[in-house]
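What the coordinates show
The residues making up each chain are set out below.
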Amino acid sequence: MTDCLEVAFTMSDQELLREMQDERERRALFLLNHMTGMLSDKLLKIYEYFGSFEEAYSRDADVYFDAGLFQKAQLRENYRKIRENEGRLLKEYEQLKSSGIRMIMLTDEDYPERLRQIADRPPLIYVGGKLPDENRPTAGIIGSRKCSEYGKSVAEFFAGELAARGIQIVSGLAYGIDAAAAAGSLNAASESYGVLGCGINICYPRENWPLYHRMKLGEGGVISEFPPDDDAFGFHFILRNRLIAGLSDVLMVIEAGEKSGTATTVGYALDQGKEVYALPGRITDPLGFGCNRMLKEGANVLTSPSDILEYFGMEEGSVLKMGEKDLGKLNLHERKLYGALSQKSQHVESLAVKCGFPLGETLSLLAGLEAKGYAVSPRGAYYRRCI
Amino acid sequence: MFAKINTAGLFGVEGYPVVIEADVRNGLPGMTLTGLLSTETREAQARVMNALGNSGLHPEPKKITVNFSPAGMRKEGTAYDLPIAVAVLCAYGMLKEQNCAGTAFFGELGLDGSLKGVRGALPLAFALKEAGFTRVVTAAENAAEAALVEDMQVFGCRDIREVMELLRRAGNGWVPAPVPEAELPSGPSEGSSRPDFSDVRGQKYLKRAAEIAASGMHNLLMSGPAGTGKTMIAKRLPSILPEMTREENLEISKIYSICGLLPKGHPLLDARPFRSPHHSITEPAFAGGGVTVLPGEMSLASGGILFLDELPLFKRAVLEQLRQPLEDHKITITRMYGSCVYPADFLLVAACNNCRCGFYPDLKKCRCTRGQIQAYIGRISKPLMERIDLCAEANPLRVDEIVGKRKADEEEASAVIRKRVEAVHALQKERYKGETFRFNSRLGIREIEKYCVLGRSETAYLKDAFTRKGLSGRTYHKILKVARTIADMEGSERIREEHLAEAVEFRSIDDRLFGGGIYNE
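Residues numbered from 1 in each chain as written. Chains lettered and ligands numbered in written order. Predicted model: local features only at pLDDT ≥ 70, side-chain atom pairs only at ≥ 80, totals over all residues. Heavy atoms only, no water.

1. A few points about the pairing of strand S8 (residues 135-139) of chain B
All names here are of chain B.
- In terms of burial, S8 is a largely internal element, five of the five residues being buried.
- As paired strands, S8 and strand S9 (residues 153-157) are joined by five bridges and run parallel to one another. Bridge pairing links Ala139 to Cys157 in S9.
- Each parallel crossover has a hand, and for S8 linked through helix H5 (residues 140-146) to S9 it is right-handed. (Buried < 20%, exposed > 50% of the residue type's maximum accessible area, 1.4 Å probe, protein only. Helix = DSSP H or I, 4+ residues; strand = E, 2+ residues; numbered from the N terminus. Pairing = 2+ DSSP bridges. Right-handed = clockwise from strand over helix to strand, strands pointing away.)

2. Here's the deal with the layout of surface pockets
Residues and elements named next belong to chain B.
- Of the pockets and cavities examined, the second largest pocket occupies roughly 820 Å³.
- Ala140, Glu141, Asn142, Ala143 and Ala144 are, among the 37 residues lining the second largest pocket, the residues nearest its centre.
- Secondary structure elements with two or more residues in the lining of the second largest pocket: H5, S9, helix H6 (160-169) and helix H9 (246-259).
- The dominant element in the lining of the second largest pocket, judged by the number of residues it contributes, is H5, at six residues. (1 Å grid on protein atoms, 1.4 Å probe; cavity = no way out; pocket = protein on both sides within 12 Å on 5 of 7 lines; lining within 4 Å. Points joined across faces, edges and corners; volume = space filled by probe spheres on them.)

3. Some details on unusual backbone geometry
- A cis amide bond, omega -10 degrees, links A:Tyr204 with the succeeding residue A:Pro205.
- Put simply, B:Ser69 and B:Pro70 share a cis peptide bond, and its omega is 5 degrees.
- Here B:Pro70 is to be found in the loop between strand S4 (63-69) and helix H3 (81-92).
- Not every positive phi belongs to a glycine, and B:Met217 is a case in point at roughly 55 degrees.
- For B:Met217, a relative accessible area of 14% corresponds to the buried category.
- Not every positive phi belongs to a glycine, and B:Glu310 is a case in point at roughly 55 degrees.
- Among the structural elements, B:Glu310 can be located in the loop between strand S14 (305-308) and helix H12 (316-320).

4. Notes on the pattern of salt bridges
Residues and elements named next belong to chain A.
- In this structure the tally under the stated criterion is 46 salt bridges over all chains.
- Between Arg214 and Glu219 there is a salt bridge, and its shortest N-O distance comes to 2.9 Å.
- Taking relative accessible area as the criterion, Arg214 reaches 29% and is therefore assigned partly exposed.
- Accessibility expressed as a relative area gives 24% for Glu219, which makes it partly exposed.
- If you follow the salt bridges from partner to partner, you end up with Glu23, Arg27, Glu94 and Lys97 in one network. (Salt bridge = Lys/Arg side-chain N within 4 Å of Asp/Glu carboxyl O.)

Now the structure itself:
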């Protein structure tokens, strides 16, 4: 009897049915994803046990406890809550869909291959903008949130150089190195990818709004596995790190302190069999400790964007050396001032003393250098070289 | 019998004439005082009668009624003791009332009959002058101060007997009053003891900011780690402002007179005020108020510098009180018996660290989290920040700036800087002739369009700087006003690119807050 029915459907009808099934499945998954304490690993176990999320959602909490999927009594309450809020959540689901956020399930075709291959892949990801192209190389750039000016410059420079040559840059869109890498690749190639430690609708930290906004609107994209309006909880970041490692073909560590979250990302990358490159740090620099330890433990030495290009077997073209600038365009005073500038930020007054220029002249010269892209002011009254 | 004697009362910085009427008649002996009096004023009955007794005057025990007119205004202070005593003596017939005509009295009495100085002699004398009096009898202590009022004959007496003697002799016509002993300070004679800019080594950036602030009367915020000379520079700012004119000095001295803060033996201030209240200050102490409405720190800083060290540590309510005076340059305090207006025309100079530990932006030393840093600076509200045109970040001192011998004329002296500031003030006065303001910092949006015109290339430059540095629109007018002052300092009528470049550097502190720290290995 069932056979006859199946034959009776035309091809397009079958597709329609499939789509409807998918939609129901996606809704169930969306709802389950909102349950407190329901992280990706638990979702995967549930899927394995019930065969589908739709099935899982239709079952009573007791079934979960009997199957050993739930252990803590609190989960019964949490499970009841999402059922109670079903109406509101489904409204949010529709809103999310119409706002252009894609919800991609593991079973969907457009689920990123790179993620499908990692062990603890998330069954559902939220995507704003684009996903990284499967056929183009990706490189992750990670590092400390509290980083040096030098670290920021390097991250921005590497991201820019690589993005300009078609490599997709993945970062965590946090402060510091992450933000610098995202800014570098966005400016060079209008493309950058960020894996968020909060819901897809939340921009954390808020200072990164311009980057987040551009990426969400299609200059690259933002990806999250957490419910769309979830705040950035500490443990989220550790989880999100496995996705950064997962989406990257190769991982670059720019600056990392002794105890740094970057170590977890590197750990994931190594588990997933990815190459890790670390930027050597000074031995006295606390922000170099992490990188140097990784190098000692066998990470690749990162000194130039060409290291990464070489890894991908790509033509180098004309990669600029860091800090290289054409000084021919500058006049004598500008050149003298540029000579006094360095990687570290210096107060305007110190620069004026070094060059022997009056303060007013130094200020207007600096403004000129900044306009031409030779200097940058990270903070009022402080200037450093722009690389 | 009945007698009327003239005196004056104070409300805010303004005085008003008061008539004291005394009536003596048979009845139950005692003194009744009427006319809305505060406690200390009412206590005059004890002081006056005992003072008279101890001065060898023994009025018969009779029923004495003393009325203050206008009765509707609240009378405060002890300056009414002397006029009450004179009125009572006249009412007893011990003095001739016609000898007191055209003369006003004020002063406090001791039980022994001695006359003591009171607060507010200067505004009282001013009020009496305005009310048409040309003669004042007061305590010797107050004579110099009251004599500052032009065409006012001031007779300073040491006790009630001297007053009686004076009034008896006045029956044959008044002799001109002797010139009070305390002389007017003759210009900046004590300049040598004042703090001077040449004491500050290095810190050219902050000094430059200070000079711009003084030149255009722009409010200034200095930020940076401790020990970089922020307080030193603030303390020296009055020394580069132009000397006060006599009118200005009188206006300011009036406020100090009310508070009893004029230096002993100096009826006038000898320098522009520099007030630096501690950050634990309360709202009434800051804005003015209290049981007897006294001027607050904002008014005491009028004509000079109000320096708020550790700005973020001040109570929010205290800081918010700055908003109205920074716009109107006066403060209105409303109390039960009406509202009084005190001047509050000061140059606000504030200093702050960039974070709680004080080391930010030096990330090597600073241990604050990003949130903590934002919370720290965030205590200064946006509307207040908008009223501060200049923000300057101090350069942490280098060792070679502190160690080593100082060359004789290494640093500019205040007098040299003041010459330049005076020239810029004169230039602004000339330009703003016929306007209600005198300084670049006072330009409103419409005036900015009129007086801060940019050429085409300068407009393009500013636009470029805005996008490059990610500046907010709020800073636009500040930058123009400051650029106007910088151009004036160079004697340029046109605002040029270099003026804008410098003004941009001194923009708001909050624009740069998120720029991140400096980590130099």
